Amino acid sequence: MSLLMRAVCLMILLIWSGASLGQEFPSRPIRFIVPFPAGGPSDVISRVLVEKMSGLLGQTVVIENRAGAAGLNGIAAAAKSEPNGYTIAIAPSSSLAMSRCATTCRLRRSRISR
């Protein structure tokens, strides 16, 4: 490849990559999903975390309590959210294990009942 062609390719790459440097994160409010009702231990921990996060990031962090089904509603909402980094969820490991068991146990029961 000629020296001129290499220089042109390098210039194109430098100009193209410059557009990505202008993006800032976070540029809009962040959702923090708590899969339990307000006032519980998870909610209290979340509020302390959100207060610190807001100060460090300089952006609003909104707590969204999604209670129900022992935390599975909130976990499902976080799993189905758009994967753009603006949704965070807090959940104990027992709820995550229960979510996995709920899907596999349902499959096993349907096979047994046939």
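Use the structure listed above.
The rules behind these values
Residues numbered from 1 in each chain as written. Predicted model: local features only at pLDDT ≥ 70, side-chain atom pairs only at ≥ 80, totals over all residues. Heavy atoms only, no water. Salt bridge = Lys/Arg side-chain N within 4 Å of Asp/Glu carboxyl O. Helix = DSSP H or I, 4+ residues; strand = E, 2+ residues; numbered from the N terminus. Buried < 20%, exposed > 50% of the residue type's maximum accessible area, 1.4 Å probe, protein only. Contact = heavy atoms within 4.5 Å. Phe/Tyr/Trp six-rings, centres within 6.5 Å; stacked < 30°, edge-to-face > 60°. Lys NZ or Arg CZ within 6 Å of the ring centre and 35° of its normal. Pairing = 2+ DSSP bridges. Right-handed = clockwise from strand over helix to strand, strands pointing away.

Trainee: Sorry, what's going on with the pattern of salt bridges here?
Mentor: A pair can form between side chains of opposite charge whenever their charged atoms are brought close. Inspection of the entire model under this criterion finds three salt bridges. A salt bridge links Arg47 to Asp43; the shortest N-O distance between them is 3.0 Å. Remark: Asp43 and Arg47 occur in helix 2 (residues 41–57); sequence separation between them is four residues, near one turn of the helix. On the basis of relative accessibility, which here comes to 43%, the residue Arg47 falls in the partly exposed class. In this structure, Glu64 and Arg66 form a salt bridge, with 2.7 Å as the shortest nitrogen-oxygen distance.

Trainee: Would you take a moment to explain the side chain of Ser46 for this structure?
Mentor: Within the element layout of this structure, Ser46 appears in helix 2. When its relative accessible area of 0% is taken as the criterion, Ser46 is described as buried. In contact with Ser46, other than residues within four places in its own chain, are Phe32, Val34, Ile63 and Ile90.

Trainee: Sorry, what's going on with the packing of aromatic side chains here?
Mentor: Two descriptors summarise a pair of aromatic rings, namely the distance from one centre to the other and the angle between the planes of the rings. In the structure shown here, the tally under the stated rule is zero aromatic pairs. Its guanidinium or amino end placed over the ring of Tyr86, Arg28 lies 4.2 Å from that ring's centre, counting from NZ or CZ.

Trainee: Hey, could you run me through the pairing of strand 1 (residues 30–34) in this one?
Mentor: Side-chain positions along a regular strand alternate between the two faces of the sheet. Counting buried residues along strand 1, four of its five residues qualify, which places the element largely inside the surrounding structure. Two elements, strand 1 and strand 2 (residues 61–65), share five bridges in a ladder whose sense is parallel. Residue pairing in the sheet places Ile33 in a bridge with Glu64 of strand 2. The handedness of the strand 1 to strand 2 crossover, carried by helix 2, is right-handed. In this sheet, strand 3 (residues 87–89) lies alongside strand 1 in parallel orientation, the contact comprising three bridges. In the sheet register, Phe32 faces strand 3, and the bridge partner there is Ile88.

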